[in-house]
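# Structural characterization, general
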Amino acid sequence: MRKLINLMLPLLLSLTMIGCTSLSDKPIYNDQGYAVTGYDVVAYFTENKAVKGSTKFQTEYQGSQWLFATKQHQQQFEQSPERYLPQYGGYCAYAMSSGFVVSSDPQAFTVFEDKLYLNYSLSVRENWLENRDQFIKEADEYWLKKTAK
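All of the points below concern the structure found in this document.

Before going further, it helps to spend a moment on helix α3 (residues 71–79). Those residues of α3 not exposed but buried are H73, Q74 and F77. The buried residues of α3 occupy an angular sector of 100 degrees when the element is viewed end-on, so they sit on one face. Facing away from the buried side of α3 by over 90 degrees, the exposed positions are Q72 and Q79. For α3, the secondary structure elements touched by its buried residues are α2 (41–46), β3 (54–61), β4 (64–68) and α4 (81–84).

Structure (structure tokens):
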């Protein structure tokens, strides 16, 4: 089954390219008007889970609205936003390793070496984890190219 998934993954990513986004106008992944689809980026670090934020606790940063589950999380973010920002603007880390800009699912996350990585889906995340270090290296290179001005 895993071999089939590994063979189908490039096809899935190719099909997903139809929904690829240019970074020129959206360096932070926004869906439904909020960064990370309105999930609390601080909670990934403090609770190790995806927690939906509330419009009662929101802030603007880098042209995006960020939601938080608690006032404390909002304050933590405001004091040190760079610490909590998802890598690659919150776009799929696996797709970025191949040079693609693809949306992400807030439930498909990994906190690794104090950095937040999001993936397109839980199954894509499983594949990304199999060679995480290499994919991060490749994604870092593509991200620099895609965000160079």
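The rest of the description comes next.
The backbone of Y88 sits at a positive phi, close to 60 degrees, despite the residue not being glycine. Checked against the element boundaries, Y88 lands in the loop between α4 and α5 (93–96). Positioned with a positive phi, D114 is a non-glycine residue whose angle comes to about 60 degrees. Here D114 lies in the loop between β5 (105–112) and β6 (115–119).

Regular strands have side chains that alternate between both faces of the sheet. Sheet analysis places β3 next to β4, joined by five bridges and oriented antiparallel. From the neighbouring strand, T59 faces β4, where its bridge partner is W66.

Here we come to the packing of aromatic side chains. Describing an aromatic ring pair means giving the distance of the ring centres and the angle of the ring planes. Evaluation of the coordinates by the stated rule reveals 10 aromatic pairs. For the pair Y88 and W143, a centre-to-centre distance of 6.1 Å together with 65 degrees between the ring planes defines the contact as edge-to-face. Of this pair, Y88 sits in the loop between α4 and α5 while W143 sits in helix α7 (residues 132–147); the two residues are 55 residues apart in sequence, bridging distant segments of the chain. Judged by its relative accessible area of 3%, Y88 falls in the buried class. For the pair Y94 and F135, a centre-to-centre distance of 4.8 Å together with 75 degrees between the ring planes defines the contact as edge-to-face. Within this pair, whereas Y94 is found in helix α5, its partner F135 is found in helix α7, the two being separated by 41 residues in sequence. In this pair, the class of Y94 matches that of F135, namely buried.

What counts, and where the lines are drawn
- Residues numbered from 1 in each chain as written.
- Predicted model: local features only at pLDDT ≥ 70, side-chain atom pairs only at ≥ 80, totals over all residues.
- Heavy atoms only, no water.
- Buried < 20%, exposed > 50% of the residue type's maximum accessible area, 1.4 Å probe, protein only.
- Helix = DSSP H or I, 4+ residues; strand = E, 2+ residues; numbered from the N terminus.
- Arc of directions from axis to C-beta.
- Contact = heavy atoms within 4.5 Å.
- Pairing = 2+ DSSP bridges.
- Phe/Tyr/Trp six-rings, centres within 6.5 Å; stacked < 30°, edge-to-face > 60°.

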